[in-house]
Amino acid sequence: MRRIDQIVILTGAGISAESGLGTFRDEGGLWAQHKIEDVATPEAFLRNPDLVHRFYNARRAQAAKAQPNAAHKAIARLQATFSGTVVLVTQNVDGLHEKAGSPAIHMHGELSCALCAACEHRWDAPMTMAVGDTCPACASSTARPDIVWFGEMPYHMEEIVEAVQTCDLFAAIGTSGQVYPAAGFVEEARMAGAATVELNLRDSDMSHAFEEHITGPASDTVPRWVDQILNGQ
Ligand code: APR
């Protein structure tokens, strides 16, 4: 059996579903209730910043009330006790990995953070952001949620690609594989010789690219998968 020294875990909205946060593309998900082009693009923010702020204010309030579930906690346990390295990359903006005690790389930004569109200064977002909020660094009225919108470049890509290309095991948990570049990580990991596993409630658009599939709710499958890794050390 291949020795595992470095694990990269990619998480998506499915890991937070059982914490009460809706996913994007499941039935009745966020993108069934809101049009992406109205709330999640730079153009939407230029056109109607009030609507965009209200959308993210609602999500910030929901995320603040949510608690990590057994899947978030199991990943934190893996990070704390695995003998090698565990790099956690998340597309989620909800902060539940941090609440579970996990350091995560946030490739799509964070609801808890505000960003100045003019000078790129970042600060802790207030619970409610509004049109006209000023940047504490440059004082211009260009505060926005620190969320990577469609058409923008995800954060920390160099660091993430380096980790994916040097890992021995790549796991994707609760992500539909519909949004790039995250959806392409599995292929990169495979090309680099890593083992690949998908943990999802059902098949995703990228299922064919994974060698192993563990099907079921994350709160059940992730703790069992973590035990299996820790027992195999
Ligand atoms: N356990 C495991 N997987 C689950 C669960 C669960 N309890 N509930 C749902 N899932 C799976 C679904 O089967 C689906 O494959 O989670 C996935 C959620 O997919 P999406 O809603 O598309 O979320 P995600 O993949 O994180 O979206 C990627 O799209 O809109 C953007 O920026 C947003 O970061 C987001 C990105």
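In the block above lies the structure referred to throughout.
Residues numbered from 1 in each chain as written. Predicted model: local features only at pLDDT ≥ 70, side-chain atom pairs only at ≥ 80, totals over all residues. Heavy atoms only, no water.

> Break down the pattern of salt bridges for me, with residues and values.
Applying the stated criterion across every chain, the model contains 7 salt bridges. Here Asp146 makes a salt bridge to Arg122, at a shortest N to O gap of 2.8 Å. Here Asp146, found in strand β6 (residues 143-147), pairs with Arg122, found in strand β5 (residues 122-124); they are 24 residues apart in sequence, far enough to count as distant. A relative accessible area of 4% means that Asp146 is categorised as buried. (Salt bridge = Lys/Arg side-chain N within 4 Å of Asp/Glu carboxyl O. Helix = DSSP H or I, 4+ residues; strand = E, 2+ residues; numbered from the N terminus. Buried < 20%, exposed > 50% of the residue type's maximum accessible area, 1.4 Å probe, protein only.)

> Give me the lowdown on the site of the ligand, citing residues and values where you can.
Around the ligand there are 23 residues in total, and Phe24, Trp31, Thr175, Ser176 and Asn200 lie nearest to it. The contact in question runs from an oxygen atom of the ligand to an N or O atom on the side chain of Arg25, over 2.7 Å. Taking Arg202, its side chain carries an N or O atom lying 3.0 Å from an oxygen atom of the ligand. With the chains in place, 94% of the 730 Å² that the ligand exposes on its own is no longer accessible. (Near = heavy atom within 4 Å. Polar contact = N/O pair within 3.5 Å; in protein donor to acceptor, adjacent residues only side chain to side chain. Areas by Shrake-Rupley, 256 points an atom, 1.4 Å probe, with all protein chains shown as cover.)

> Summarise the sheet that holds strand β8 (residues 195-200); cite the residues concerned and give the values.
Taken together, the 6 strands give an open sheet; going across it, the order is β3-β2-β1-β7-β8-β9, and neighbouring strands pair in parallel fashion. The sheet is open, and its two borders are formed by β3 (105-106) and β9 (212-215), each paired with just one other strand. Packing against the sheet, helix α10 (residues 218-231) makes contact with β1 (6-11), β7 (169-173), β8 and β9, and its axis sits at approximately 165° to β7. (Pairing = 2+ DSSP bridges. Contact = heavy atoms within 4.5 Å. Axes fitted to C-alpha atoms, helices over the stretch in contact; angles between N-to-C directions.)

> Could you give an account of the pairing of strand β2 (residues 85-90), with specific residues and numbers?
Of all 6 residues in β2, 5 are buried; the element is thus mostly enclosed. With 6 bridges connecting them, β1 and β2 associate as parallel partners. Note on β2: the bridge partner recorded for Gln6 is Thr85. By the bridge criterion, 2 bridges tie β2 to β3 in an arrangement that is parallel. Considered in β3, the bridge of Thr90 is made with His106.

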